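# Structural features, examined
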2 protein chains.
Amino acid sequence: MEFMEERIRKDGRVKEGGVLKVDTFLNHQIDVKLVRQIAKALKEHFGDAGVTKVVTIEASGIAIASITAEEFGVPMVFAKKSKSKNLDANVYRSQVYSYTYDRFYDIVVNANALGEEDKVLLVDDFLANGQAMHGLLDICDQAGAEVAGIGICIEKSFQPGGQTLRDEGYDVCSMAKVKSLENGQVEFE
Amino acid sequence: MEFMEERIRKDGRVKEGGVLKVDTFLNHQIDVKLVRQIAKALKEHFGDAGVTKVVTIEASGIAIASITAEEFGVPMVFAKKSKSKNLDANVYRSQVYSYTYDRFYDIVVNANALGEEDKVLLVDDFLANGQAMHGLLDICDQAGAEVAGIGICIEKSFQPGGQTLRDEGYDVCSMAKVKSLENGQVEFE
């Protein structure tokens, strides 16, 4: 989407190690007008898919998922990062590997928040290696929920997450696909 | 607000130890229509206060803050829980005591996200002892930002946070004030 690429060009900052900072408009300070544009674009793409819930992972996905859920007229659910290792029969639980912290963390969703009657749109701010998204897919699988698609604000297409998900048959709709951050420059596909 | 009390009566669950669970509609699975009602009520109360930013703390405040920010036509900022103790000149940092985990955690806001030109509406899902809110107030103070007011979904008025903030002169607008959770029953003020 042109509007997303334009905003990244204008306000994104490239840091060492392939990090694209968008914390002035997308995941710390948030331009909710931009998020509404993202939500409308996702509605246009997935509007006929029968979505019953928009699901994301805390914390940076929540703003995007909230406004997207409102656009679809359905509830939003965010998976919580869990500190406790309790085996609770009333939650779906998965593990996500964090490259940033080089460790696994647990994510949980209450069993009453997701079921086999649901068609889920998964959303997140970034898609890079796809670890978080695979945790969410695992939880949808445990719940017996169908996945209608995956909506992403910024896909780093030089990392394998997006291609892997598409190879698995998921409809991944990314607002912007960044193919390179080399030499401090953002290049789009 | 009647709509909030009604929803808590219908879908809230009282757990041992004075815990009110609202995770089917407010802070895990989220009814975004309800959140829009909350946002409109906050706009009605604080609409003339010249709000330039809506600020909250991750994670449960983000959905409410996002939709409220859209209602006000201003950006949203959420304070991040910080694991690193780095002294970074480019962030405002405060400490919040968590009764749940009996420990302090750090919250941070980027210095470029908040400044003395800002009039801030602080929002959160719950107000109990007011620890998180005082952390956010500390950060506004460091930034030189003015606090226009505090918007809360559920105030536990049997705990001291709300009274303390009002004694300090803040305009605290709570959608529902719970005065007791004894015997598993929700009583409103």
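Rules of the game
Residues numbered from 1 in each chain as written. Chains lettered and ligands numbered in written order. Predicted model: local features only at pLDDT ≥ 70, side-chain atom pairs only at ≥ 80, totals over all residues. Heavy atoms only, no water. Helix = DSSP H or I, 4+ residues; strand = E, 2+ residues; numbered from the N terminus. Rg over C-alpha atoms; globule rule 2.2 N^0.38 Å. Buried < 20%, exposed > 50% of the residue type's maximum accessible area, 1.4 Å probe, protein only. Contact = heavy atoms within 4.5 Å. Areas by Shrake-Rupley, 256 points an atom, 1.4 Å probe, with all protein chains shown as cover. Lys, Arg positive; Asp, Glu negative; His and termini not counted. Charge placed at Lys NZ, Arg CZ, Asp CG, Glu CD. Polar contact = N/O pair within 3.5 Å; in protein donor to acceptor, adjacent residues only side chain to side chain. Buried area = accessible area lost by both parts, 1.4 Å probe. Salt bridge = Lys/Arg side-chain N within 4 Å of Asp/Glu carboxyl O. Nonpolar A, V, L, I, M, F, W, Y, C, P; charged D, E, K, R; others polar. Pairing = 2+ DSSP bridges. Least-squares fit on C-alpha atoms with pLDDT ≥ 70 in both.

## Some remarks on the overall build of chain A
Scanning chain A from N- to C-terminus turns up five helices and 11 strands. Scaling as 2.2 N^0.38, a compact globule of 189 residues should have a C-alpha radius of gyration of about 16 Å, and chain A matches this with 16 Å. With the C-alpha coordinates of chain A rotated into their principal frame, the extents come out at 50 × 40 × 30 Å. The burial tally for chain A puts 55% of its 189 residues in the buried class. If you take every contact in chain A between residues at least 6 apart in sequence, the share linking residues at least 24 apart comes to 59%. Accessible area of chain A: about 8400 Å², with a carbon and sulfur share of 43%. The centroid of the 22 positive side-chain charges in chain A is displaced by 6 Å from the centroid of its 30 negative side-chain charges.

## Side note on the side chain of His28 of chain B
Secondary-structure assignment places His28 of chain B in the loop between β2 (19–21) and β3 (29–30). You can call His28 of chain B buried: its relative accessible area is 2%. Separated by 2.9 Å, the side chain of His28 of chain B and the backbone oxygen of Phe78 of chain A make a polar contact. In terms of polar contacts, His28 of chain B uses its side chain to reach the backbone amide nitrogen of Asn110 of chain A, at 2.9 Å. The residues contacting His28 of chain B, other than those within four sequence positions of it, are Met76, Val77, Phe78, Lys80, Val108, Val109, Asn110 and Ala113 of chain A together with Asp23 of chain B.

## Brief notes about the interface of chain B and chain A
Put simply, an interface is often sized by how much accessible area is lost when its parts join up. The interface is formed by 34 residues belonging to chain B together with 34 residues belonging to chain A. With both sides pooled, the region where chain B packs onto chain A buries about 2700 Å², and carbon together with sulfur makes up 55% of that total. Looking only at chain B, the three residues that lose the most surface to chain A are His28, Gln29 and Val32 of chain B, adding up to 24% of its buried area. Here chain B and chain A share two salt bridges between them. A salt bridge links Arg36 of chain B to Glu70 of chain A, with the nearest nitrogen and oxygen atoms 2.7 Å apart. Applying the counting criterion to the chain B and chain A interface returns 12 residue pairs in polar contact (both at pLDDT 80 or more). Taken together, the elements giving at least two residues each to the side of chain B that touches chain A come down to β3, α2 (32–46), α3 (62–72), β5 (76–82) and β7 (103–110) of chain B. Sorting elements by how many residues they give to the side of chain B that touches chain A places α3 of chain B first, with six residues. A class-by-class count of the residues in the side of chain B that touches chain A yields 16 nonpolar, nine polar and nine charged. Of the strand pairs in this sheet, strand β3 (residues 29–30) of chain A and β5 of chain B are connected by two bridges, and their pairing is antiparallel.

## A look at the relation of the copies chain B and chain A
In the superposition of chain B on chain A (RMSD 0.0 Å, axial shift 0.0 Å), the rotation amounts to 180 degrees. Taken together, the turn and the small shift mark the pair as related by a two-fold rotation axis. Here 100% of the contact residues of chain B are again contact residues in chain A; the copies associate through an equivalent surface.

## Concerning the pattern of salt bridges
Within this structure, the stated rule accounts for 28 salt bridges over all chains. A salt bridge links Asp23 of chain A to Arg13 of chain A, with the nearest nitrogen and oxygen atoms 2.6 Å apart. With a gap of 10 residues between them, Asp23 of chain A in the loop between β2 (19–21) and β3 and Arg13 of chain A in strand β1 (residues 13–15) connect regions that are remote in the sequence. The exposure class assigned to Asp23 of chain A is buried, which follows from its relative accessible area of 8%. Given the relative accessible area of 33%, Arg13 of chain A is considered partly exposed. Two residues, Asp118 of chain A and Lys53 of chain A, come together in a salt bridge whose shortest N-O distance is 3.3 Å. One end of the pair, Asp118 of chain A, is in the loop between β7 (103–110) and β8 (119–127); the other, Lys53 of chain A, is in strand β4 (residues 53–57), with 65 residues separating them in the sequence. Residue Asp118 of chain A is classed as buried on the basis of its relative accessible area, which comes to 5%. Of the residues examined, Lys53 of chain A reaches a relative accessible area of 9% and is grouped as buried. Among the charged side chains, a salt-bridge network with shared partners connects Arg36, Lys40, Glu70 and Glu71 of chain A together with Arg36, Lys40, Glu70 and Glu71 of chain B.

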